[in-house]
Amino acid sequence: MGMAAAAATEESAAIPRVEARSAELLAVGVVHDDRMTIHLSRLVDNAPVRDAAVTVILRGATHPATAETDGSYTLQTKDLTLPGAAAVEFLVMQAASQQDLKGTLQIASSAGRSEDKNSARQLWWWVLNFGVCIGFLWLFSRRRKAAQSD
């Protein structure tokens, strides 16, 4: 029984999950393959939030989450199968308010995948992102200098 409990603990630790909170809400996302189940609750009383529109921003793409009958929300995308750390942002619209909850999702690579190909793609993604940011900053600074010299 001790070995079975240890194996179950090890397996549950390997399940990718993300926690994000705002001043009022807590979102917990649990990933199985290409599907994330999101449980949204209020921090004050831990009551589930069922009447919200939830959108998830993952790896630069926006994904609307589907409300389920059990009160959770689900999202299905191949982006959830990519290994590595990913910033996750939950946008929660409820009545007239919008809350932004941010967290980090860590997805371990599976043994069957080519880790080199995925890590190279992720490296190029970061290089591209930094290049675009630096380009925008450079253009912005040139425009400011041009505006100041006028």
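This structure is a prediction, so every number in the text was calculated from the model and none was measured. Per chain, the residues get numbers from 1 upward, laid out in the order the sequence is written. The model is predicted, so local features are restricted to residues of pLDDT at least 70 and side-chain atom pairs to those at 80 or more, both for listing and for counting; the totals for chains, interfaces and linings are taken over all residues. Side-chain metrics rest on all non-hydrogen atoms present in the structure, leaving aside hydrogens and water.

Peer 1: Looking at this structure, I do not really get the confidence of the model for the chain. What am I missing?
Peer 2: What pLDDT expresses is the predictor's confidence in each residue, scored from 0 to 100. Across the chain, pLDDT averages 84, with 85% of residues at or above 70. Residues count as neighbours in contact if any of their non-hydrogen atoms are within 4.5 Å of one another. A low-confidence stretch, residues 4–11 (pLDDT under 50), is modelled with zero contacts involving residues beyond four sequence positions or located in other chains.

Peer 1: Please explain the layout of surface pockets as it appears in this structure.
Peer 2: Take a probe with the size of a water molecule and roll it over the atoms, and the empty space left behind shows itself. Computed over the protein atoms alone on a 1 Å grid, cavities are sets of points where a 1.4 Å probe fits but cannot get out and pockets are open sets with protein on both sides within 12 Å along at least five of seven lines; a residue lines them when it has an atom within 4 Å of a point. Grid points are joined across faces, edges and corners, and a volume is the space filled by probe spheres set on the points. The computed volume of the largest pocket comes to approximately 490 Å³. Every residue lining the largest pocket is counted, 22 residues in all, and those nearest its centre are Arg59, Gly60, Ala85, Ala86 and Trp125. Put simply, DSSP H or I for four residues or longer makes a helix, DSSP E for two residues or longer makes a strand, and each gets a number counted from the N terminus. Sort the elements by how many residues they give to the lining of the largest pocket and helix H2 (residues 115–149) lands first, with seven residues. A breakdown of the residues in the lining of the largest pocket according to their chemical character gives eleven nonpolar, six polar and five charged. Under this grouping Gly is polar, as are all residues other than the nonpolar Ala, Val, Leu, Ile, Met, Phe, Trp, Tyr, Cys and Pro and the charged Asp, Glu, Lys and Arg.

Peer 1: Teacher, can you tell me more about the pattern of salt bridges here?
Peer 2: Note that side chains of opposite charge can pair when their charged atoms are close. Definition used for salt bridges: Asp or Glu carboxyl oxygen within 4 Å of a side-chain nitrogen of Lys or Arg. Scanning the entire structure with this criterion turns up four salt bridges. Salt-bridge contacts for Glu19 lead to Arg21; the nearest nitrogen and oxygen are separated by 4.0 Å. Between Lys78 and Asp34 there is a salt bridge, with its nearest N and O atoms 3.8 Å apart. Here the residue Lys78 occupies a position in the loop between strand E7 (73–76) and strand E8 (84–94), and Asp34 occupies one in the loop between strand E2 (25–32) and strand E3 (35–42), the gap between them amounting to 44 residues.

Peer 1: Sorry, what's going on with the side chain of Ser72 here?
Peer 2: Here Ser72 is to be found in the loop between strand E6 (66–67) and E7. A distance of 2.7 Å separates a polar atom in the side chain of Ser72 from a polar atom in the side chain of Asp70. Setting aside anything within four residues of it in sequence, one finds Ser72 in contact with Thr37, Ile38, His39, Thr66 and Ala67. Throughout this description, a polar contact denotes any pair of N or O atoms lying within 3.5 Å of each other; where both atoms belong to protein, one of them has to be capable of donating a hydrogen while the other can accept it, and for residues adjacent in sequence the pair is counted only when both atoms sit in side chains.

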